[in-house]
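Residue-level listing of the chains:
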Amino acid sequence: FFLARVSAATPSPLLPSCCCSRGVTAHHRYLIIARASILRGSGIRLPLLLALTLQSAPTARAFSIPSLRSFCMSTNPPDPKRTKLEPMSKPITFVTGNAKKLAEVRAIVGEELPMVSMKIDLPELQGEPEDVSREKCRLAAKESGGPVLVEDTSLCFNALNGLPGVYIKWFLEGIGHEGLNNMLMAYGDKSAYAQCIFAYAKGPGEEPVVFVGRTEGKIVPARGPLDFGWDPVFQPDGHDKTYAELDKEIKNSISHRGRSLEKVKAYFKENPSALP
């Protein structure tokens, strides 16, 4: 722990220029320098802690969050392994026969995570969604003989205690977009959530890892292109457009599938040995 007596006008090599501005009192400079030295010595990056220290001074108005963030980050560069995936010896097999779904997954994960698709007829299992995804992943890994990624998607109506849930594919085939709206006709609560569970196994006999992504929203009359599942009837919270109407890049950034795949990528960055 380091503490030095300095005047409010004296620059310090430990601090970014924004911290040496007029209006930061000597008392608060003590606290700032102490915290800055901890940051440099321990590898811990706490820009918000420094920001709160500065902002606690009544006259500390000449303060720049971006410059402080740059200062804190520059003291300890991120580990390259955590910002870029290791090269893969073979692509991951994504179990799907849906070309649009494959294209969307590839758009989200990018070129760092090469994938090929394979249509495998997996049994419709009963049980908790995460347990079902794990078992499907085990079966798919055995069938494909290599690294595999499977997906289970649910659309859950809160008024119906989560139905249709994982059975949304069959509900959609049976009653269509209008029928999904009719299911909620007697209810004032049109809220729903979209959930995506990806399960990954490095190969046959490997224990699958699951990744859950969820997006809250509501069910609305179908709007937008009708060629991608139930996208036209799901409007995510914070947006005035349905999944089907949203720009693909925006949709992928907030969708249940996008959120689940971000967890997949983060897992591989933290566990490069899990890659094929």
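Residue positions are given per chain, counting from 1 as you read along its sequence in written order. Reporting of local features is limited, given that this is a predicted model, to residues whose pLDDT is at least 70; pairs of side-chain atoms are given and counted only at 80 or more, and all residues count toward the totals for whole chains, interfaces and linings. With hydrogens and water set aside, each side-chain value is computed from the structure's full complement of heavy atoms.

The protein has the name XTP/dITP diphosphatase in an unreviewed UniProt entry, where Hemiselmis andersenii is given as its organism. UniProt positions are given in the numbering used here, feature names are shortened, and annotations may be inferred rather than shown by experiment. For the protein, the Sequence similarities (unreviewed entry) comment in UniProt is given as "Belongs to the HAM1 NTPase family." Here the protein is described in UniProt, under the heading Subcellular location (unreviewed entry), as follows: "Cytoplasm".

Strands here are runs of E lasting at least two residues and helices are runs of H or I lasting at least four, both read from the DSSP assignment and numbered beginning at the N terminus. By the element assignment, F228 lies in the loop between strand 6 (209-219) and strand 7 (234-236). With 15 residues separating them in the primary sequence, F228 and Y243 have C-alpha atoms 9.5 Å apart. The contact definition used throughout considers only heavy atoms, calling two residues in contact when any of these lie within 4.5 Å. When neighbours within four sequence positions are excluded, F228 is seen to be in contact with N98, K100, K101, E104, K251 and R257.

Turning our attention to unusual backbone geometry. With an omega dihedral of 0°, the bond running from L163 to P164 counts as a cis peptide bond. Summarising the element assignment, P164 is placed in strand 4 (residues 164-165). Even without being a glycine, N161 presents a positive backbone phi close to 55°. Secondary-structure assignment places N161 in the loop between strand 3 (148-157) and strand 4. Buried residues are those whose accessible area, probed at 1.4 Å on protein chains only, stays under 20% of the maximum for their type, while exposed residues exceed 50% and partly exposed ones sit between those limits. Relative accessible area serves as the criterion here: at 76%, N161 is assigned to the exposed category.

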